[in-house]
Amino acid sequence: MRKFALFLILLSAAASAPAEAKLRVFACETDWAELTRELAGDLVAVDTATTALQDVHVVEAKPSLIAKVRNADLLVCSGAQLEIGWLPQLLMQAGNPKVASGPGNFMAASQVTTLEKPASVDRAGGDVHPDGNPHIQLDPYRVLAVAKALDARLAELDPPNAAAYQKNLADFETRWNAAIARWEAKAAPLKGKAVVVHHASWIYLLSWLGMHEIGRLEPKPGVPPTSAHLAGLIDTTKSGGAIAILYAAYQDPKPSEWLSERTGVPALMLPFSVGGDGKAKDLFGLYDDTLDRLVGALK
Amino acid sequence: MRLTPFVLAALAATPLAARAADSRDAQIAALESRIHALEANAQSLQQQASDALAAAKAAQAELQQMKAAQSSQAVAAASAPAASAAPSAGSAANAFNPAISLILNGLYEHHSLASDDYRRAGFPLVGEAGPGPQGLHLGESELSFAASIDDKFYGQLTLSMDSAGGETHTGIEEAYIDTTALPDGFTLRAGRFYSNVGYLNSHHTHTDFFSDRPLAYQAFLGNQYGDDGVQARWVAPTDTYLEIGGEVFRGDNFPAGGAANAGSGVKTLFLHAGGDIGVEQAWLAGVSLLRADARGSEDGFSGRDNLYLADLTWKWAPRGAFKDAGVVLRSELFLDDRKGTVTDLADPAQPAVAWDGQRRGAYLEGLYRFSRQWDAGYRYDRLWAPSSGPYASEHDPQRHTAMLTWHNSEFSLFRLQYSHDAPQAHFIDHALMLQYQVSLGAHGAHKF
């Protein structure tokens, strides 16, 4: 026992050696990791918990993630209960009060208004989010609002670099606004067009582009598509004039392909998050590629 | 903006004001952009238009207020609260109620060996060890309440309810508080809780892959060791996960008993380490020691028991997405080193017999998730009985278990399990179990 105590003391001593000054950011999703890099560049070190090929609703509270949360100064996540199946467990085990609450805990969905906030919640309705739809990363205006709030948070936590964060934000905002104009011009022909979607993850993209969704492959959010439900969608997809059946890079393409074969409407994979495919290397690439693919479906 | 003039004046006097002015600008810019987003929403979404516009107007009003106030430097310091999340609408009296979750389960069991004939060579049955009843029966129902107590503490109560012989029994399975505000990776816990030794011990049985615990857990920890005590844990600031901790328990429950040393009969030490191998593989390993001073434990033992545990878990999933497919392998090894005396519980009048020796146990289990909804698993259990002393036996208990589980969602499962159990020489128990298990209420995040 005494040896063990000595070992503990030595380890804590080693741990409390001068820490590197860089702010450490733990991003739950690649999109927020990328946004943090846009705003902070090399001023911070960013750890990303998930990849675009994983379903962030259900990630495991892996030991490596506990270690990352333990060392973080700032947590940047979607919030709105998207990460409820794993993030609370990471926070509970990591013993890091800096990010458990307060300024070190940044939830993107809390910075903007969310859509599809249910009036009542019941698990019979599937995997519903009481705080609204958390998949906000595909609305560029919301992303910009999050960027501004995140930039303020970075400046608050790391005052010596506040000026640099502000400069980076101004630069990002200029490029982002220019890109929004370009994207909106490109997406003009998509206005009023209908799509069928796999999961309820596209509401922000569709409302930005003035498109609408006429059916979902999942009978209820988070419940895998059933053949009966898919068969029921055949008529809707055809008669509704859907231009595509959308699914995210992390989702199983089979249900979309099944419906595509029976309706002639193309199944269209979209990257959904940064890293979802080869072209979506950063936030700009994510939007460029998403719009390329959507506009491509018109032809 | 919600601060009183007094507070504003006080804040103005602080050196914070200058740097806050920067974030003030950012704040205003953020609000402007938020209004933009809100207005865009309002246009594109008829059904949400009124809500969004109202919110936009509120934000606009806030912005006007802030712009107006900006001439006075003092207000700048108020930006931090404005950047934090807006409180959710629910402000009813029960908004602070603890999260409640409920686990229900029921089983059908068939055992080829009558329970009166079930004896485990070298390992007396203790705690909840041993086969369950024949036929249909309700498993243990679990009700748990959890919430942050204040800014420094978190509390949880888990009640278990079961009925045997027509009597309903409610027990306090866990009731503890945790610290949440200690710095540098330290956490303290006090109350009644399951020890953090080994892998499965700190996990509730409803997260297990199988309907019953491994033989080694049954033999050495009475299924799961929990008691009244205190725990200290520390997570190292390393890239590889490293957790070190220790516990002191009262020592009322098996493998201890009689609350020795003035109610501090059990001490533990544990170390867990873990990490990733690429994106697709993750591992968790640990070594633990549980030292129990027993004064008449459930199997008649009095004396010193040192229990050493080693555990290893390895998971693999394509693209690291375990939801749809993956493999888990896990093994734990037990070495039980005892020195003391054993009383024959069937005939306590007999003089106690000295016992100084070791027993061992191990299990290896594998889980294969072949689709979102289906898991298949296999487990091999083995115990090594001592060759001399009061527990001496020539036979080493062994068991093979196979299971198939169907999940409708992460909240419900049905499991079919068969095991071939050889608890003593010339006795085989073929056990078939069909179990349902569901979780209602709050969405508890599971440990790895």
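Above this text sits the structure in question.
Source: prediction; values computed, not measured.

Asks: I would appreciate a short explanation of the overall build of chain A in the present structure.
Replies: From N to C terminus, chain A includes eleven helices and eight strands. Its C-alpha atoms give chain A a radius of gyration of 21 Å, within 12% of the compact-globule value 19 Å for 299 residues. The principal-axis extents of the C-alpha atoms in chain A amount to approximately 75 × 45 × 35 Å. For chain A, with 299 residues in total, the buried portion stands at 57%.

Asks: Honestly, the overall build of chain B in this entry has me stumped. Any pointers?
Replies: A tally of regular secondary structure across chain B gives six helices and 17 strands. Counting every position in chain B, which comprises 448 residues, the buried fraction comes to 47%. Across chain B, contacts joining residues at least 24 apart in sequence account for 58% of those joining residues at least 6 apart. Accessible surface, chain B as shown: approximately 20600 Å² in total, 59% of it carbon and sulfur.

Asks: Looking at this model, I keep getting lost on the interface of chain A and chain B. Mind explaining?
Replies: Often the size quoted for an interface is simply the accessible area lost on bringing the parts together. Taken together, the contacts link 56 residues of chain A with 68 residues of chain B. Buried area between chain A and chain B, both sides added, is near 5400 Å², and the carbon and sulfur share of it is 59%. If you sort the residues of chain A by the area they bury against chain B, Pro63, Arg70 and Arg123 of chain A come out on top, with a joint share of 12%. In this structure, the connection of chain A to chain B is made through four salt bridges. Between aspartate 55 of chain A and lysine 323 of chain B there is a salt bridge, with its nearest N and O atoms 2.5 Å apart. For the pair chain A and chain B, the number of links is 13 residue pairs in polar contact (both at pLDDT 80 or more). Contributions of two or more residues to the side of chain A that touches chain B are made by helix H1 (2–15), helix H3 (63–70), helix H4 (87–94) and helix H6 (140–157) of chain A. Counting residues per element, the side of chain A that touches chain B draws most heavily on H6 of chain A, at ten residues. Split by residue class, the side of chain A that touches chain B holds 29 nonpolar, 16 polar and eleven charged.

Asks: Explanation requested: the pairing of strand E8 (residues 267–270) of chain A in the structure shown.
Replies: Residue and element names in this part refer to chain A. Pairing geometry for strand E7 (residues 242–248) and E8, over four bridges, is parallel. Residue isoleucine 245 lies in a different strand from E8, and its bridge partner there is alanine 267. Between the parallel elements E7 and E8, the chain passes through helix H10 (residues 254–263) in a crossover that is right-handed.

Asks: Looking at this structure, I do not really get the sheet that holds E8 of chain A. What am I missing?
Replies: To summarise the sheet geometry, strands pair through backbone hydrogen bonds and adopt either a parallel or an antiparallel arrangement. Residues and elements named next belong to chain A. Taken together, four strands build an open sheet; the order of strands is E6-E5-E7-E8 and the sheet is parallel. With partners counted over all chains shown, the strands left at the sheet margins are strand E6 (212–216) and E8, one partner each. Strand-to-strand twist in this sheet, taken as the mean axis angle between neighbours without regard to direction, amounts to 35°. Lying over the sheet, helix H11 (residues 283–296) contacts E7 and E8, oriented at roughly 170° with respect to E8.

Asks: Sorry if this is basic, but what is going on with H10 of chain A here?
Replies: Count 3.6 residues to each turn of an α-helix, and residues three or four apart come out pointing the same way. Residue and element names in this part refer to chain A. Listed in full, the buried residues belonging to H10 are Pro255, Ser256, Leu259, Ser260 and Thr263. Down the axis of H10, the smallest arc covering the buried residues is 135°, so these residues share one side. Away from its buried face by more than 90 degrees, H10 exposes Lys254 and Glu261. For H10, the elements touching its buried residues are strand E5 (194–197), helix H9 (227–239), E7 and E8.

Asks: What should I look at first to understand the sheet that holds strand E1 (residues 23–27) of chain A in this one?
Replies: Residue and element names in this part refer to chain A. Taken together, four strands build an open sheet; the order of strands is E2-E1-E3-E4 and the sheet is parallel. Lying at the two open borders of the sheet, with one neighbouring strand each, are strand E2 (44–48) and strand E4 (105–107). Looking at each pair of strands side by side, their axes are set apart by 20° on average, direction ignored. Those strands touched by helix H2 (residues 30–40) are E1, E2 and strand E3 (74–77), and its axis lies near 170° from that of E2.

Asks: Explain the side chain of serine 64 of chain A here, please?
Replies: You can see serine 64 of chain A is positioned in helix H3. Residues in contact with serine 64 of chain A, not counting those within four places in the same chain, are Tyr241, Gly275 and Asp276 of chain B.

Asks: Help me out: how do you make sense of the packing of H9 of chain A against H10 of chain A in this one?
Replies: A pair of packed helices can be characterised by two numbers: the angle between their axes and the separation between those axes. All names here are of chain A. Running from N to C, H9 and H10 point in directions that differ by 50°, and their axes come no closer than 10 Å. Of the possible angle classes, the one that applies to H9 and H10 is oblique. Crossing geometry of H9 relative to H10 is assigned as right-handed. Where H9 abuts H10, its residues Leu230, Ala231, Leu233, Ile234, Thr237 and Lys238 lie against Pro255, Trp258, Leu259, Arg262 and Thr263. Taken together, the residues of the contact of H9 with H10 sort by class into seven nonpolar, two polar and two charged.

Asks: Could you clarify how one ought to interpret H4 of chain A in this entry?
Replies: Residue and element names in this part refer to chain A. Of all eight residues making up H4, six are buried, and the element is well covered by its neighbours. When H4 is considered as a whole, its buried residues turn out to be Leu87, Gln89, Leu90, Leu91, Gln93 and Ala94. Phi turns positive, to about 60°, at glycine 95, one or two residues after H4.

Asks: In this structure, what is going on with the environment of tryptophan 314 of chain B? I would like to understand it.
Replies: Residues and elements named next belong to chain B. For tryptophan 314, the location among the structural elements is in strand E11 (residues 301–316). Residue classification places tryptophan 314 among the partly exposed positions, given a relative accessible area of 28%. In this structure the C-alpha to C-alpha distance between tryptophan 314 and serine 115, which are 199 residues apart in sequence, comes to 35 Å. With residues near it in sequence (within four places) discarded, tryptophan 314 still touches Gln281, Ala282, Trp283, Val327, Val328 and Leu329. Among the polar contacts listed, one links the side chain of tryptophan 314 to the side chain of glutamine 281, at a separation of 2.9 Å.

Asks: Which parts of the structure should I look at to understand the pairing of strand E5 (residues 167–179) of chain B?
Replies: The two faces of the sheet receive side chains in turn, since in a regular strand these alternate between them. All names here are of chain B. Bridge count for strand E4 (residues 153–164) against E5 is twelve bridges, and the pairing is antiparallel. Looking across to E5, one finds that serine 163 is bridged to threonine 168. Connecting E4 to the next strand, E5, in antiparallel fashion are two residues, including glycine 165 with a positive phi near 60°. In terms of strand pairing, E5 meets strand E6 (residues 186–194) through four bridges, oriented antiparallel. Each bridged residue has a counterpart across the sheet, and for isoleucine 177 the counterpart in E6 is alanine 190. Linking E5 back to E6 in an antiparallel pair, the connection comprises six residues, with aspartate 184 at a positive phi of about 60°.

Asks: Can you walk me through the state of the cysteines in this structure?
Replies: A covalent bond between the sulfur atoms of two cysteines is what we call a disulfide. Residue and element names in this part refer to chain A. Here the structure, examined in full by the defined rule, presents one disulfide over all chains. The side chain of cysteine 28 participates in a disulfide bridge whose partner is cysteine 77; the two sulfur atoms lie 2.0 Å from each other. Between cysteine 28 and cysteine 77, the S-S torsion sits near 55°, and that sign places the bridge as right-handed. Of the two residues, cysteine 28 sits in the loop between E1 and H2 while cysteine 77 sits in strand E3, which places them 49 residues apart along the sequence. Exposure class is identical for cysteine 28 and cysteine 77. Each is buried.

So, how was this worked out
Residues numbered from 1 in each chain as written. Chains lettered and ligands numbered in written order. Predicted model: local features only at pLDDT ≥ 70, side-chain atom pairs only at ≥ 80, totals over all residues. Heavy atoms only, no water. Helix = DSSP H or I, 4+ residues; strand = E, 2+ residues; numbered from the N terminus. Rg over C-alpha atoms; globule rule 2.2 N^0.38 Å. Buried < 20%, exposed > 50% of the residue type's maximum accessible area, 1.4 Å probe, protein only. Contact = heavy atoms within 4.5 Å. Areas by Shrake-Rupley, 256 points an atom, 1.4 Å probe, with all protein chains shown as cover. Buried area = accessible area lost by both parts, 1.4 Å probe. Salt bridge = Lys/Arg side-chain N within 4 Å of Asp/Glu carboxyl O. Polar contact = N/O pair within 3.5 Å; in protein donor to acceptor, adjacent residues only side chain to side chain. Nonpolar A, V, L, I, M, F, W, Y, C, P; charged D, E, K, R; others polar. Pairing = 2+ DSSP bridges. Right-handed = clockwise from strand over helix to strand, strands pointing away. Axes fitted to C-alpha atoms, helices over the stretch in contact; angles between N-to-C directions. Arc of directions from axis to C-beta. Parallel < 35°, antiparallel > 145°, perpendicular 65-115°, else oblique. Left-handed = near helix turned anticlockwise from the far one by under 90°. Disulfide = S-S within 2.5 Å.

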